[in-house]
Amino acid sequence: MNQLLLRYTSFDAGHFDGDAENRGNAGLTLLQRWQETDGAANWLLFSINDADKARSWLSQADSLGHAPAEAHFLRTA
């Protein structure tokens, strides 16, 4: 299973909710969302079915100023 782990230092829940269709079109499905206990960062774990589409989605988010602070493509070992 391929997954994408993102860390946002600034998280806008309204923007995130509004981007659901774009994420779906990029083959991303949210599995889990965590917030650090001090509220400083949010971590999101997605399953991905097309790494190229996921990278394109990240690139678009970056160009619009909504990119995560970190992005890690992972696979189950």
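Remember, it's a predicted structure, so these values are computed and weren't measured experimentally.

Draft legend 1. Structural detail: the pairing of strand E3 (residues 42–48). Where burial is concerned, most of E3 is hidden: six out of the seven residues are buried. Relative to E3, strand E1 (residues 2–8) is paired through six bridges, and the arrangement is antiparallel. Its bridge partner being in E3, leucine 4 is matched across the sheet by phenylalanine 46. With seven bridges joining them, strand E2 (residues 28–35) and E3 adopt antiparallel strand pairing. The residue of E3 that forms the bridge with leucine 30 is phenylalanine 46.

Draft legend 2. Here's a closer look at the packing of aromatic side chains. Under the defined criterion, the tally for this structure stands at four aromatic pairs. Measuring from ring centre to ring centre gives 5.8 Å for tyrosine 8 and phenylalanine 11, while their planes differ by 70°; the resulting arrangement is edge-to-face. The class of tyrosine 8 is buried, set by a relative accessible area of 9%. Chaining the aromatic ring pairs together yields one cluster made of Tyr8, Phe11, Phe16, Phe46 and Trp57. Just above the ring of phenylalanine 16 sits the side chain of arginine 23; from NZ or CZ to the centre is 3.7 Å.

Reading the values: the criteria
Residues numbered from 1 in each chain as written. Predicted model: local features only at pLDDT ≥ 70, side-chain atom pairs only at ≥ 80, totals over all residues. Heavy atoms only, no water. Buried < 20%, exposed > 50% of the residue type's maximum accessible area, 1.4 Å probe, protein only. Helix = DSSP H or I, 4+ residues; strand = E, 2+ residues; numbered from the N terminus. Pairing = 2+ DSSP bridges. Phe/Tyr/Trp six-rings, centres within 6.5 Å; stacked < 30°, edge-to-face > 60°. Lys NZ or Arg CZ within 6 Å of the ring centre and 35° of its normal.

Geometry only, nothing functional implied.
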